[in-house]
Each structure stands twice: as structure tokens, then as C-alpha cells.
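Listed below are the residues making up each chain.
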Amino acid sequence: MSKLDKSTALALLRQMMVIRDFEETADKLCLRGKVPGGMHNSSGQEAVAVGTLSAIAKDDVIATTHRSHHHTLAKGYSAKSVMAELFAKSTGISHGRGGSMHLAEVTEGHFGGNGIVGAGVGIAMGAALGIQHIGDKKIAVGFVGDGGMNTGRTWESINMASIWKLPLIILVDNNQYAVETFVGRVTGGGDLAKRASGFGLPAYNIDGQDVLEVRKYVSEARERALAGEGPTFINALTYRYYGHNVGEKGQYRTQEEIAQWRTTQDPIDKFTEVVISSGFATQAEVEELRASVRKEIEEAVAFAESSPEPEIASITQGVDSGKLGVQL
Amino acid sequence: MTTEVKAVTPTYSEAFQSGVREEMNRNKKIFILGTDLVERGGHFAQVKGIAQEFGLKQVRDAPISEAAMVAAGMGAAMYGCHPIVDLNFIDFSLGAMDEIINQAAKIRFMFDRPVPLVIRATSGVALGGAHHCNSLESFFAHTAGLSLAVPSTPMDVKGLIKTALRNEDPVIFLMHKKLSGIRGEIGDENYFVPFGKAKTIKAGKDAAIITYGYSAVTATKAAQALEAEGISVEVIDLRTLYPIDQDAIDAAVTKFGRVVVLDEAPLFGSITAEIAATASERNFKSLKGPIVRVGAVRAPLSANPAMSEAAIPSVDQISKAVKQVMSY
Ligand SMILES: Cc1ncc(C[n+]2csc(CCOP(=O)(O)OP(=O)(O)O)c2C)c(N)n1
Ligand SMILES: [Mg+2]
């Protein structure tokens, strides 16, 4: 990967700011009842999303989890279309059918968020098989949480990707908790990269709060995949600042632990330092960037608020093609 | 004037806790496993406080590994324990279907060994979208070897879970999301509800609605509305779907000859189809006209609240169905 230049650096920083502002804004709106069914806030995990999506091509495939606003925004979808989907409006990325957990734009390589833990890795693996079969120069990324690392389906897919040398990256968005369960309490062996390497693929534990580190590992994994060398497993250690679902607190972790991560490991703060110390922007310019992000998110909320509801009559439309009965 | 302090009656979730506690006190072979049970007490507080009271051997937090959870419960049941496997949402049972349908359900028949296993999960349509609102009752009821409880009141939750824990067959125990917080009496330690015994929850003279789960609530609302129009409707809550109370169904058909069967599962291949078909086979001559079924559309549930509501029966639709059978 080439040396970091100014425009890339500012783009990475801005994208992380968009995600943070989006999530904190949506969280408040959700508490006010604007997001039916609740949502999973990814604040704190921006570097995993932005590092990964900035290192792959626009038409590479991703499939992800129930916590996927950040992946979706980082793939380049507008805050408007994602916010509108959270509001379950017709202008949303999934036309209001999906909601927060089911953001997708399959024709453009976003194979969807998911309500089922671990399912995204399998779908991405299948996409990688399709890519290999057709001979396209693309890769697929399957996102999964630390909790999803204990579903059997995830490992069946990793094994298959390994034996068939599929162009796949398994990206663990490891925020260390599955709902209220600490990863260390339910993960035999503890070391996820070690677990994965038993399946015969390169596997790394990396710092998920460092956007450049995530970007570098994903970029190298992509090169290997494109060269026909098969899948890579990347376990990015990160942290979620808010509850599992909006409004949840719980006694399972201390306020000190949260504060510790926020004050010393925040991905946006850390990268802002890099941006300033590299001379890419002054503090004042960073603030300007933040203000432009604020405006973008405000516009997204206004767009979502004013968007129409989906047509009720459409509830049974699109379930299947309806053409199987036609004599060919 | 004396102010009477009325003790608050327990919730539907607390009724489950209560029944499980009582049975755990007398049978040490009962234990519970599932995700987020110990500190959180389950996603619906259905086992809150039980780990603190009985210890971590009796309540185990599991990784997100549904197939292994059911396998663990089933193997332990074959060995002589009486596990409760808490799958959180019934949608997640789909990752453990082989363990449930091919294994647990068939062992007694093939190997003459009881499988005293309860699989508890929250079910039903509420907000949550396509992956959290599947109505899978007919999958389980269709499978020989499984029994299926679908309580609609705290009293029935307690009475049925206690019966399940005194028996030796695999039971799928479905608790509806929208009922979690409803309150009611729960009976004492010796209160048991046998499987296969329906309950008339509202008496009537003209027609019957046969239903279960949350639909018992909507059916009652419809019956009350119809009362004002001079139509007296009986509402029968099946409480368990297998064994099913065929006597109660036969009695309703022969008494009224005008019957509506209601649930919120897609109509095609549903429990309501089973009930209507069997009723017409057995008591065709008593019917004044066809049995009318009311259920959901054949489509995944949307995240949009209005779309989701429109997919399942409304009070209005139920009233219309009753008027239709009254027109014969
Ligand atoms: C198969 C399945 N089991 C259980 C759940 C309920 N559930 C939703 S999210 C979640 C925790 C997931 O943890 P993790 O994979 O670490 O992702 P995170 O929420 O931390 O992003 C659970 C148990 C589910 N959605 N799907
Ligand atoms: Mg996690």
C-alpha cells in the first residue's frame, strides 16, 4: 500500500466522523421512537469499518452482521439512505423492508446486514465462490462479531474458503462483547487468530482502533486473494461505547472500562493526531470537517423524517419471481 | 376508609421464572443453558435471579452456538438430566434444526430412551423484521416426537412449564414477545396445566374462534367488539398445539357450526389449515358453511411497523371473518 497522502487521510478521518455522528444521532432518535425495532450502535468501531472498506474496491462484496451501519456507510452509501432505512422509510437503502439490521444493495456488492449471528461469513464465502467461478477480479469480505466466532456455521465456511482457496477475508469486528457476554468467557483457547490458523489460512490479531493498521492488513489480504492464494482471517480488536441495543446499560462492564477505551483508544482521536502531526490539517480544519459532517447528518435526518412510508400494498410483492410456472 | 394494598400479580416472564424455580427446587437434574442468562436473566427476564439463587452449575451462559446448545441439552437429557435450553428467539432454532427434528424428536421411538428436554424461546410477530418474527409452530407441530406449548397467560406459562418439567418428552415452549409484560395470577405450587387441554377464555353463543398465543388477545378484542353488534363469540385458546385438544375443537364445531381459526403464521401449510381440514373431515355435517381461517400473508415480515402490522390479522379482519361465518 502506498504512503498515506493528504486526501486519503482526510477522507478516512471524515468517514469515521460521519459514522460516529450518524450513530450518536440515530441513537437519540431511536430513544425517541424513530427507529422501529431498535438498533445496534457501532460507535467506537469506526476504524474497523473504514480501514477495511477503504482498502477494498468499490465493487468488492461485503456481507455483514446485525451491527452494520458503519460498514454500510464506509462502503460509500449515503447517510440519507441509511438513516431512511433505520426509519423504515421507502427511500431507505432496503426500501424500508429491512430496517437497521438488514441494510443491503446486492447489485453493488453489499450482500446485506443480518439478523442471524454468523450468517454473513457464509454469504460472503458463497460470493467468493461465485467470484472464483466466474473469474472476476474481486474479493469478498465477511464481517462477524466476537460472538459470531462461536457459531458452527462460521467455521464451516472458513474451512470451505480455505480448502477452495476462495478470495475471501473474514473480518472479526471484535468489540469484546456479545450482548452482555465477555468474549473471554465463551471463547475456548482465547486466541482467535490461532483458532483460525488451524484451518490453514493466514490469520492475524490486529489493533482495530488504528485505521491504518486495519487498512494495511486488509489491503495485503486482498492482494493475496486476487493472486489466487485464498482467504485471510483478521481479528480486529475494538470496543463498543454504547449498549448492545439502544438504551441498554447492564452491569456487565464498568464505567471505568468504557472511559478507558474512549479516552485512550478512540479511533477518531488517534487518527486525528496522525492527521495533524503529518501536517495534513490543522486543528481548525479538523473542526471544519466535523462541522461539514454535522450538516450532512442533519440533512440525513431531515431526509428520513420527510420521506414517505413504503406502500402497504407491497407487503407480498417480490417474495418470488412468480415465473416458475411459465412453460419455457 | 381502609386502603387495600393490592399485591401486583406476576408478569408472563415472571410466571416462567416461578414455575422453573419451583421445579428446580425439587429436581436437581433440571438446569438451564443459553445466552445471557446469568447476569441479564435472559432477553425477556424469563430467568432473572435464578442463577443467583441456584448457582452457575444450574444456569449456564453459553456461547452463541445454537446447534451445540440443543445438542448439549439433548445429550444430557438422554443421560438423565432435565435441561432447559433457552434459544432466546425461536428464529435461532433454525441453526439447530437437525438437533431438534432429526435427533431429539426421534430418539425415543428409535432407541426407547426418553429425552426430557425443554427448548424455550420467544416467538411471534412484533417489531424486529424478517429474522426475528418467524412463526415456526407448524414446523415443530409437524414433527412426530415433539410437543409444543404456546401459552397466552402467566397462569398457563407456569402451569405448562411445570408440566413439561415433570414429563419426559422434548417440549418446544414458545412465549410470545408481545405478552412478556402482561400480568396475571399464576396459581400455587400444585398448579399444573396438562398438554392437550384447551381453555375457553370467553364464552359465546353464536360462533367460535379457535386460536392460541397472542392471537388469543386479538380474538378476545374482536369478540368484545362483536358483542356490541349482537354477535356472541366464544374464544378458545388451545394452549398447546401438540398434543392438540381435538375434543375441544370437535365440541366447538358441533355446537356452533360456525368456526373461525386464527393465528399469525402465514396461512399456507399452517396449524390453522390442519385444524380446519381435520374439523371438516370429522364433523362436516355440523358445519353451516366453510371454516374461515385468518392468518398472515405469505411474505417475510418487514421492519416497517405498518407493513408488519398489515401482514398479520387485525381485530377488524377477525371480526369480518366471524361475520362471514355468521352469514351462512
Ligand atoms: C443465531 C443467532 N443467535 C442469537 C442471536 C441473538 N443475538 C443478536 S446479536 C447477539 C450478540 C452478537 O455478538 P457479536 O457477534 O459479538 O456481535 P456484536 O453485537 O458485538 O456486534 C446475539 C446473541 C442472533 N441474532 N442470531
Ligand atoms: Mg461483539
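Of chain B, the UniProt comment under Cofactor (unreviewed entry) reads exactly: "thiamine diphosphate".

Its UniProt record gives chain A a comment under Cofactor (unreviewed entry), which states: "thiamine diphosphate".

### A short note on the packing of helix α4 (residues 79-86) of chain A against helix α12 (residues 283-306) of chain A
Residues and elements named next belong to chain A. Contact geometry of α4 with α12 gives a least axis separation of 8 Å together with a crossing angle of 45°. Classified by the angle their axes make, α4 and α12 are oblique. As for the relative orientation of α4 and α12, their crossing is right-handed in sense. Of the residues in α12, those in contact with Ala79, Lys80, Met83 and Ala84 of α4 are Glu296, Ile297, Glu299, Ala300, Val301, Phe303 and Ala304. In the contact of α4 with α12, the residues fall into eight nonpolar, no polar and three charged.

### Considering the interface of chain B and chain A
Note on interface size: it is often stated as the accessible area lost on association of the parts. Each partner contributes residues to the interface: chain B has 29 residues there, and chain A has 35 residues. Approximately 2400 Å² of surface area, both sides summed, lies buried where chain B meets chain A, with 61% of it carried by carbon and sulfur atoms. Applying the counting rule to chain B against chain A returns four salt bridges. Across the pair Glu180 of chain A and Arg40 of chain B runs a salt bridge whose closest N-O atoms are separated by 3.3 Å. At the junction of chain B with chain A, the criterion picks out 13 residue pairs in polar contact (both at pLDDT 80 or more). Broken down by element, the side of chain B that touches chain A gets its largest block of residues, five residues, from helix α11 (residues 305-311) of chain B. Of the residues belonging to the side of chain B that touches chain A, the class tally is 16 nonpolar, eight polar and five charged.

### Notes on a nonpolar patch on the surface
A contiguous nonpolar patch, built from Leu129, Met160, Ile163 and Trp164 of chain A and spanning about 360 Å² of accessible area, is present on the exposed surface. Considering the arrangement of structural elements, one finds Trp164 of chain A in the loop between α6 (152-163) and β3 (168-174).

### Considering the UniProt feature "domain: Dehydrogenase E1 component" (unreviewed entry) in chain A
Here, the residues flagged by UniProt with the feature "domain: Dehydrogenase E1 component" (unreviewed entry) are residues 14-312 of chain A. In the segment residues 14-312 of chain A, helix accounts for 46% and strand for 10%; the C-alpha atoms at its two ends are 37 Å apart.

### Notes on the environment of Lys162 of chain B
Residue and element names in this part refer to chain B. Secondary-structure assignment places Lys162 in helix α7 (residues 154-166). Judged by its relative accessible area of 1%, Lys162 is buried. Through-space distance from the C-alpha of Lys162 to that of Met326 is 39 Å; in sequence the pair is 164 residues apart. The residues touching Lys162, leaving out its near neighbours within four places in the chain, are Gly19, Glu22, Glu23, Glu189, Tyr191 and Phe192.

### Points about the site of ligand 1
Close to ligand 1 lie 19 residues, the nearest being His66, Arg67, Gly115 and Gly147 of chain A together with Glu66 of chain B. At 2.7 Å from an oxygen atom of ligand 1 is found a side-chain nitrogen or oxygen belonging to His66 of chain A. One of the backbone nitrogen or oxygen atoms of Val117 of chain A is found 3.0 Å away from a nitrogen atom of ligand 1. Protein burial of ligand 1: of its 580 Å² of free accessible surface, 96% is covered by the chains. Classifying every residue of the shell around ligand 1 by side-chain character gives seven nonpolar, eight polar and four charged.

### Looking at the domain arrangement of chain B
Residues and elements named next belong to chain B. Annotation of chain B at the domain level lists domain 1 (12-179) and domain 2 (199-326). Computed from C-alpha atoms alone, the centre-to-centre distance between domain 1 and domain 2 is 27 Å. With 24 residues of domain 1 at the interface, the matching set in domain 2 holds 25 residues. Taken together, both faces of the contact between domain 1 and domain 2 bury some 1900 Å²; the carbon and sulfur share is 61%. Broken down residue by residue, the surface that domain 1 buries against domain 2 is led by Val125, Val150 and Lys178, which jointly contribute 25%.

### Some details on the sheet that holds strand β1 (residues 61-63) of chain A
Residues and elements named next belong to chain A. Strand order in the open sheet formed by five strands is β1-β2-β3-β7-β6, and the pairing between neighbours is parallel. The two strands at the open ends of the sheet, each matched to only one other strand, are β1 and β6 (203-207). Shown here is a sheet whose adjacent strand axes are inclined to one another by a mean of 20°, direction ignored. Pairing analysis gives five bridges linking β6 to strand β7 (residues 232-237), with the strands arranged parallel. Considered in β7, the bridge of Tyr204 is made with Ile234. Strand contacts of helix α9 (residues 211-226): β3, β6 and β7, with the helix running at about 160° to β6, the strand carrying the most contacts.

### Looking at the coordination of the magnesium ion (ligand 2)
Residue and element names in this part refer to chain A. Around the magnesium ion (ligand 2), the protein supplies Asp146 (OD), Asn175 (OD1) and Tyr177 (O) as donor atoms, at distances of 2.0 to 2.1 Å. Each donor residue of the magnesium ion (ligand 2) belongs to the same chain, and together they define the spacing D-x28-N-x1-Y. For the pair formed by Asn175 and Tyr177, the shared burial category is buried.

### Some words on helix α8 (residues 215-228) of chain B
All names here are of chain B. Between its first and last C-alpha, α8 extends 20 Å over 14 residues, near the 20 Å set by a 1.5 Å rise per residue. Restricting attention to buried positions, one finds in α8 the residues Ser215, Ala216, Thr218, Ala219, Thr220, Ala222, Ala223 and Leu226. As for α8, its buried residues are in contact with β7 (199-202), β8 (207-211), β9 (233-237), β11 (259-266) and α12 (315-326). Phi turns positive one or two residues past the end of α8, at Gly230, with a value near 85°.

### Here we look at the packing of helix α1 (residues 12-26) of chain B against α7 of chain B
Residue and element names in this part refer to chain B. The geometry of α1 relative to α7 is characterised by a closest axis approach of 8 Å and an angle of 30° between their N-to-C directions. In terms of their interaxial angle, α1 and α7 are classed as roughly parallel. Seen along the crossing, α1 lies across α7 with a hand that is right-handed. For the pair formed by α1 and α7, the contact residues are Tyr12, Ala15, Phe16, Ser18, Gly19, Val20, Glu22, Glu23 and Arg26 on the first element and Pro154, Val157, Lys158, Ile161, Lys162, Leu165 and Arg166 on the second. Tallied by class, the residues present in the contact of α1 with α7 amount to eight nonpolar, two polar and six charged.

### Things to note about the UniProt feature "domain: Transketolase-like pyrimidine-binding" (unreviewed entry) in chain B
In the UniProt entry, the feature "domain: Transketolase-like pyrimidine-binding" (unreviewed entry) is given for residues 10-182 of chain B. Taken end to end, residues 10-182 of chain B has its terminal C-alpha atoms 8 Å apart, with 38% of it in helix and 18% in strand.

### Regarding the environment of Ala15 of chain B
Residues and elements named next belong to chain B. For Ala15, the location among the structural elements is in helix α1. In this structure, the C-alpha to C-alpha distance between Ala15 and Val253, residues 238 residues apart in sequence, is 32 Å. With residues near it in sequence (within four places) discarded, Ala15 still touches Pro154, Val157, Lys158 and Ile186.

### Notes on the pattern of salt bridges
For the structure shown, the criterion picks out 33 salt bridges over all chains. Taking the shortest distance from any N to any O, the salt bridge between Arg294 of chain A and Glu298 of chain A comes out at 3.0 Å. Of this pair, Arg294 of chain A and Glu298 of chain A both sit in helix α12, four residues apart, which is roughly one turn of that helix. Overall, the relative accessible area of 45% leaves Glu298 of chain A in the partly exposed class. Salt bridges linked by common partners bring Glu22, Glu23, Arg26, Lys158, Lys162 and Arg166 of chain B together as one network.

Calculation rules
As a convention, each chain's residues are numbered from 1 in the sequence order in which they are written. Here chains are named by letter from A upward and ligands by number from 1 upward, in the order in which they appear as written. Residues qualify for local features only when their pLDDT is at least 70, as the model is predicted, and side-chain atom pairs are given and counted only at 80 or more; totals for whole chains, interfaces and linings, by contrast, use all residues. With hydrogens and water stripped out, all remaining heavy atoms of the structure feed into the side-chain values. UniProt positions are given in the numbering used here, feature names are shortened, and annotations may be inferred rather than shown by experiment. Axis definition: a line fitted to C-alpha atoms, limited for helices to the stretch in contact. Angles are taken between N-to-C directions and run from 0 to 180 degrees. Only DSSP runs of H or I with at least four residues qualify as helices, and only runs of E with at least two residues qualify as strands; both kinds are numbered from the N terminus onward. We call two directions roughly parallel when the angle between them is under 35 degrees, roughly antiparallel when it is over 145, roughly perpendicular when it lies between 65 and 115, and oblique otherwise. We call a crossing left-handed when the near helix sits turned anticlockwise from the far one by less than a right angle, and right-handed when that turn is clockwise. Residues count as neighbours in contact if any of their non-hydrogen atoms are within 4.5 Å of one another. Nonpolar residues are Ala, Val, Leu, Ile, Met, Phe, Trp, Tyr, Cys and Pro. Charged residues are Asp, Glu, Lys and Arg, and all others, Gly as well, are polar. Once two parts are joined, some of their accessible surface, as seen by a 1.4 Å probe, is lost; buried area is that loss totalled over both. Basic side-chain nitrogens of Lys or Arg form a salt bridge, by our definition, when they fall within 4 Å of a carboxyl oxygen of Asp or Glu. Residues adjacent in sequence count toward polar contacts only when both atoms are side-chain atoms; beyond that, a polar contact is any pair of N or O atoms within 3.5 Å, and within protein one must be able to donate a hydrogen and the other to accept it. By definition, no residue in a patch forms a salt bridge, and every one has over 30% relative accessible area; like charges are joined within 9 Å, nonpolar side chains (Val, Leu, Ile, Met, Phe, Trp, Tyr) within 5 Å. All accessible areas in this document rest on Shrake-Rupley with a 1.4 Å probe, and a residue is counted as covered only by the protein chains that are shown. Exposure classes here rest on a 1.4 Å probe applied to the protein chains alone. A residue is buried below 20% of its type maximum, exposed above 50%, and partly exposed in between. In this text, near means that some heavy atom of the residue lies within 4 Å of the molecule or strand in question. Annotation comment: domain bounds sourced from an automatic or database domain assignment. Strand pairing is assigned whenever DSSP detects at least two bridges linking the two strands. Donor atoms: N, O and S within 2.8 Å of the metal, or within 3.2 Å for Na, K and Ca. Because water is excluded, sites can look incomplete. Between the first and last residue of a helix there are one fewer steps than residues, each counted as 1.5 Å, and that sum is the expected span.

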